[in-house]
Amino acid sequence: METKTKRLSVTEKALEVIRELENKYGELMFYQAGGCCEGTQPQCFEKGGFFPRMNDAMIGTIDGYEFWIDRDLFEYWKYSHFTLDVTDGFGPGGFSLETPLGKTFKVHYKLFTPEEYENLEPVKRSE
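The following paragraphs examine the structure supplied in this document. (Residues numbered from 1 in each chain as written. Predicted model: local features only at pLDDT ≥ 70, side-chain atom pairs only at ≥ 80, totals over all residues. Heavy atoms only, no water.)

### Thoughts on the overall build of the protein
Reasoning step 1: Along its length, the protein carries three helices and eight strands.
Reasoning step 2: Going from N to C terminus, the protein has its helices and strands arranged as β-α-β-β-β-β-α-β-β-α-β.
Reasoning step 3: Relative to the compact-globule value of 14 Å for 127 residues, the protein shows a C-alpha radius of gyration of 14 Å, a close match.
Reasoning step 4: The C-alpha extent of the protein, read off along each of the three principal axes, is 40 × 30 × 25 Å.
Reasoning step 5: Split into buried and exposed, the 127 residues of the protein put 41% on the buried side.
Reasoning step 6: Considering only contacts in the protein between residues 6 or more positions apart, those separated by 24 or more positions represent 65%.
Reasoning step 7: If you sum the accessible surface of the protein, you get close to 7300 Å²; carbon and sulfur atoms cover 54% of it.
Reasoning step 8: Distance between charge centres in the protein, computed from 15 positive and 22 negative side chains, equals 2 Å. (Helix = DSSP H or I, 4+ residues; strand = E, 2+ residues; numbered from the N terminus. Rg over C-alpha atoms; globule rule 2.2 N^0.38 Å. Buried < 20%, exposed > 50% of the residue type's maximum accessible area, 1.4 Å probe, protein only. Contact = heavy atoms within 4.5 Å. Areas by Shrake-Rupley, 256 points an atom, 1.4 Å probe, with all protein chains shown as cover. Lys, Arg positive; Asp, Glu negative; His and termini not counted. Charge placed at Lys NZ, Arg CZ, Asp CG, Glu CD.)

### Some thoughts on the nonpolar core
Reasoning step 1: Membership of the largest hydrophobic core comes to 23 residues, with the highest contact counts inside it found for I18, F30, I59, F67, L84 and F105.
Reasoning step 2: For this core, the elements supplying multiple residues, two or more each, are α1 (12-25), β2 (28-32), β4 (57-62), β5 (65-69), α2 (71-77), β6 (80-88) and β7 (103-111).
Reasoning step 3: The element contributing the most residues to this core is α1, with five residues.
Reasoning step 4: When near neighbours in sequence (up to four residues on either side) are disregarded, L84 contacts S9, V10, T11, A14, I18, F30, P42, I62, F67, F105, K106 and V107.
Reasoning step 5: In terms of nonpolar packing, the next biggest core, distinct from the first, is built from five residues, M29, F45, M58 and W68 among them. (Core = buried A, V, L, I, M, F, W, Y, C linked by side-chain atoms within 4.5 Å.)

### Looking at the sheet that holds strand β8 (residues 124-125)
Reasoning step 1: Spatial ordering of the open sheet is given by β3-β2-β5-β4-β8, a layout of five strands whose pairing is mixed. Every interior strand has two partners, whereas the edge strands, β3 (43-46) and β8, have only one.
Reasoning step 2: In the packing of α1 onto the sheet, the strands contacted are β2, β3, β4 and β5, and the crossing angle to β2 comes to about 125°. (Pairing = 2+ DSSP bridges. Axes fitted to C-alpha atoms, helices over the stretch in contact; angles between N-to-C directions.)

### Brief notes about the side chain of N119
Reasoning step 1: Summarising the element assignment, N119 is placed in the loop between α3 (114-118) and β8.
Reasoning step 2: A distance of 2.8 Å separates a polar side-chain atom of N119 from the backbone oxygen of T3.
Reasoning step 3: What N119 contacts, discounting residues up to four positions off in sequence, is E2, T3, K4 and T5. (Polar contact = N/O pair within 3.5 Å; in protein donor to acceptor, adjacent residues only side chain to side chain.)

The values reported here are purely geometric and, on their own, carry no functional implication.
So, in structure tokens, the structure goes:
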């Protein structure tokens, strides 16, 4: 059986922060909106703390936690692999759970090769 190409990965540095947040808040979820300012970076919430809109895309999981993307942003970035990372600093707005730690999540993008794109894992859409 052929292994499907994943749309999402995570750095070890980001996993350390996720585990710290998990210990404090329990189950988590991620959402990346397509707007400006706060929406340009991935946000981490307690599971159920944010409700994806109709037809938003869940592109994968990180440590078992869903990573959702705004439906319009997904159409623009569906040809790209997302790698969740974290950096020191205060993101705009401060709604994401890592903000009090002096951290902010960010995403690195890499375009899929034609072969990877043909073999992608399916996305889940919100209803």
